[in-house]
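# A structural walkthrough
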Amino acid sequence: MAGAPTGVTLPAVVEELLTEMAAAVQEEARIPDEHLSSLKFIFGPSAIQALDLVDRQSITLISSPSGRRVYQVLGSSGKTYTCLASCHYCSCPAFAFSVLRKSDSLLCKHLLAVYVSQVMRTCRQLKVSDKQLTDILFTKKKQM
């Protein structure tokens, strides 16, 4: 799948769904209803919230000349969260609690929005220097 996460993998059913969604978007320029239903089945209410973030174009891919890529997602609360798609990480409290601590979710809505926006090719793009990207990540870490 173009834009698929690399490195750590998602469960096979999620990888397959994202791959099918990408193929459908390429053919039909939209995600078919059956794929949206599958998203809702797998991710529950987070799917609707993630799709809302995608519709609002809340996802920005920040890349640097060295090839580093970080996503920033403007959450529904107005806070910006940093997502690393390569290792399935989000800086939001829901990720720390529901995904890491309780293991009752595969992803938070922000990370799911990143993956859906990759499939739909709707990420806003921002190219920065390596120093600027380091500053963005360091500033975020200090605020946590």
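Residues numbered from 1 in each chain as written. Predicted model: local features only at pLDDT ≥ 70, side-chain atom pairs only at ≥ 80, totals over all residues. Heavy atoms only, no water.

Summing up its helical and strand segments, the protein has 6 helices and 5 strands in all. Its helices and strands taken in sequence order, the protein reads α-α-α-β-β-β-β-α-α-β-α from the N to the C terminus. Whereas a compact globule of 144 residues would reach a radius of gyration of roughly 15 Å, the protein reaches 15 Å, a difference of no more than 12%. Here the C-alpha coordinates of the protein stretch approximately 40 × 35 × 30 Å along the principal axes. The buried share of the protein, reckoned over its 144 residues, is 42%. Within the protein, contacts between residues separated by at least 24 positions form 55% of all contacts whose residues are at least 6 apart in sequence. (Helix = DSSP H or I, 4+ residues; strand = E, 2+ residues; numbered from the N terminus. Rg over C-alpha atoms; globule rule 2.2 N^0.38 Å. Buried < 20%, exposed > 50% of the residue type's maximum accessible area, 1.4 Å probe, protein only. Contact = heavy atoms within 4.5 Å.)

Let us now look at the sheet that holds strand 4 (residues 89-90). Strands pair in a sheet through their backbones, by hydrogen bonds, and they do so in one of two ways: parallel or antiparallel. What the 5 strands build is an open sheet, ordered 4-3-2-1-5; its pairing is mixed. Looking at strand neighbours, the two that pair on one side only are strand 4 and strand 5 (124-127), the edges of this open sheet. Bridge count between strand 1 (residues 59-63) and strand 5: 4 bridges; the pairing is parallel. Looking across to strand 5, one finds that Thr-60 is bridged to Arg-124. (Pairing = 2+ DSSP bridges.)

If you check helix 1 (residues 12-28), its first and last C-alpha atoms are 24 Å apart, about what 17 residues at 1.5 Å a residue would give, namely 24 Å. Tucked into the core, helix 1 has its buried residues touching helix 2 (33-43) and helix 5 (109-120). A positive phi of about 65 degrees marks Ala-29, the residue just after helix 1. (Expected span 1.5 Å × (residues − 1).)

Of note, the phi angle at Gln-57 is positive, near 50 degrees, even though the residue is not glycine. Unusually for a residue other than glycine, His-88 sits at a positive phi of about 55 degrees. Tracing the sequence through the fold places His-88 in the loop between strand 3 (80-84) and strand 4. The exposure class assigned to His-88 is buried, which follows from its relative accessible area of 10%.

To continue, consider the UniProt feature "domain: SWIM-type" (unreviewed entry) in the protein. In the numbering used here, UniProt assigns the "domain: SWIM-type" (unreviewed entry) feature to residues 81-119. Spanning residues 81-119, this segment combines 51% helix with 15% strand, and its end C-alpha atoms are found 20 Å apart. (UniProt positions renumbered as here; feature names shortened; annotations may be inferred.)

Turning next to the packing of aromatic side chains. Here the distance between the centres and the angle between the planes together describe a pair of aromatic rings. Tallied over the full model, the rule gives 1 aromatic pair. Here Tyr-89 and Phe-95 contribute two aromatic rings whose centre-to-centre distance is 5.6 Å and whose plane-to-plane angle is 80 degrees, an arrangement assigned as edge-to-face. Residue classification places Tyr-89 among the partly exposed positions, given a relative accessible area of 30%. Judged by relative accessible area, which is 4%, Phe-95 ranks as buried. (Phe/Tyr/Trp six-rings, centres within 6.5 Å; stacked < 30°, edge-to-face > 60°.)

With that settled, the discussion passes to the packing of helix 1 against helix 2. In the contact formed by helix 1 and helix 2, the axes pass within 11 Å of each other and the chain directions differ by 155 degrees. When the axes of helix 1 and helix 2 are compared, the pair comes out roughly antiparallel. Read as a crossing pair, helix 1 and helix 2 show a hand that is left-handed. Residue-level inspection shows Val-13, Val-14, Leu-17, Glu-20, Met-21 and Ala-24 of helix 1 in contact with helix 2, the latter providing His-35, Ser-38, Leu-39, Ile-42 and Phe-43. (Axes fitted to C-alpha atoms, helices over the stretch in contact; angles between N-to-C directions. Parallel < 35°, antiparallel > 145°, perpendicular 65-115°, else oblique. Left-handed = near helix turned anticlockwise from the far one by under 90°.)

For the rest of this paragraph, the subject is the pairing of strand 2 (residues 69-74). Taken together, the 5 bridges between strand 1 and strand 2 define a ladder with antiparallel strand orientation. Pairing of Thr-60 across the sheet is with Gln-72, part of strand 2. Linking strand 1 to strand 2, which pair antiparallel, is a turn of 5 residues; within it Gly-67 sits at a positive phi near 95 degrees. Where strand 2 and strand 3 come together, 4 bridges link them in antiparallel fashion. For Tyr-71, the partnering residue across the bridge sits in strand 3 and is Cys-83.

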